[in-house]
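So the chains spell out like this:
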Amino acid sequence: SMGTMTLNMDDRHMAALEALAAEQDMNKTQVMKQALRLYQLVHERAKDGQQLAFTKDGKVVPMLVPSMLPLLPVA
């Protein structure tokens, strides 16, 4: 079975969602499902004491907690 929910977002968040969907050739539901899977993975690993990080030029750049980051529309 599949549940249904209504998600209310301000214009800034909706623009970011629509831009990500267009860029990745997905619909908004697919983007939200993928975002939830990623968040769940990060959450589970963080509970285990792991940390998500990016690397640039061979150096680790720690990722901040997503709730601390502003969500900006993708250009």
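Our structure is the block above this text.
Residues numbered from 1 in each chain as written. Predicted model: local features only at pLDDT ≥ 70, side-chain atom pairs only at ≥ 80, totals over all residues. Heavy atoms only, no water.

1. Brief notes about unusual backbone geometry
Part 1 of the reasoning: Of note, Asp25 is a non-glycine position whose phi angle comes to about 55°, a positive value.
Part 2 of the reasoning: Among the structural elements, Asp25 can be located in the loop between helix 1 (11–23) and helix 2 (28–47).
Part 3 of the reasoning: Judged by relative accessible area, Asp25 falls into the exposed class, the value being 70%.
Part 4 of the reasoning: Its identity as a non-glycine residue notwithstanding, Asp57 has a phi of 55°, on the positive side.
Part 5 of the reasoning: Within the element layout of this structure, Asp57 appears in the loop between strand 1 (53–56) and strand 2 (59–62). (Helix = DSSP H or I, 4+ residues; strand = E, 2+ residues; numbered from the N terminus. Buried < 20%, exposed > 50% of the residue type's maximum accessible area, 1.4 Å probe, protein only.)

2. Some thoughts on a nonpolar patch on the surface
Part 1 of the reasoning: On the surface, Met5, Leu7 and Met32 cluster together to form a nonpolar patch covering roughly 300 Å² of accessible area.
Part 2 of the reasoning: With respect to the element layout, Leu7 can be found in the segment before helix 1.
Part 3 of the reasoning: For Leu7, a relative accessible area of 40% gives the class partly exposed. (Patch = residues over 30% accessible without salt bridge, like charges linked within 9 Å, V, L, I, M, F, W, Y side chains within 5 Å. Areas by Shrake-Rupley, 256 points an atom, 1.4 Å probe, with all protein chains shown as cover. Salt bridge = Lys/Arg side-chain N within 4 Å of Asp/Glu carboxyl O.)

3. Quick word on the pattern of salt bridges
Part 1 of the reasoning: Taken as a whole and assessed by the stated rule, the structure comprises two salt bridges.
Part 2 of the reasoning: The closest approach of N and O atoms between Glu18 and Lys28, which form a salt bridge, is 3.7 Å. One end of the pair, Glu18, is in helix 1; the other, Lys28, is in helix 2, with 10 residues separating them in the sequence.
Part 3 of the reasoning: Under the relative-accessibility criterion, Glu18 is labelled partly exposed at 41%.
Part 4 of the reasoning: A salt bridge links Glu44 to Lys47; the shortest N-O distance between them is 3.4 Å. Residue Glu44 and its partner Lys47 are both found in helix 2; the two are separated by three residues, about one turn of the helix.
Part 5 of the reasoning: For Glu44, a relative accessible area of 41% corresponds to the partly exposed category.
Part 6 of the reasoning: Look at Lys47 and you get exposed, because its relative accessible area is 58%.

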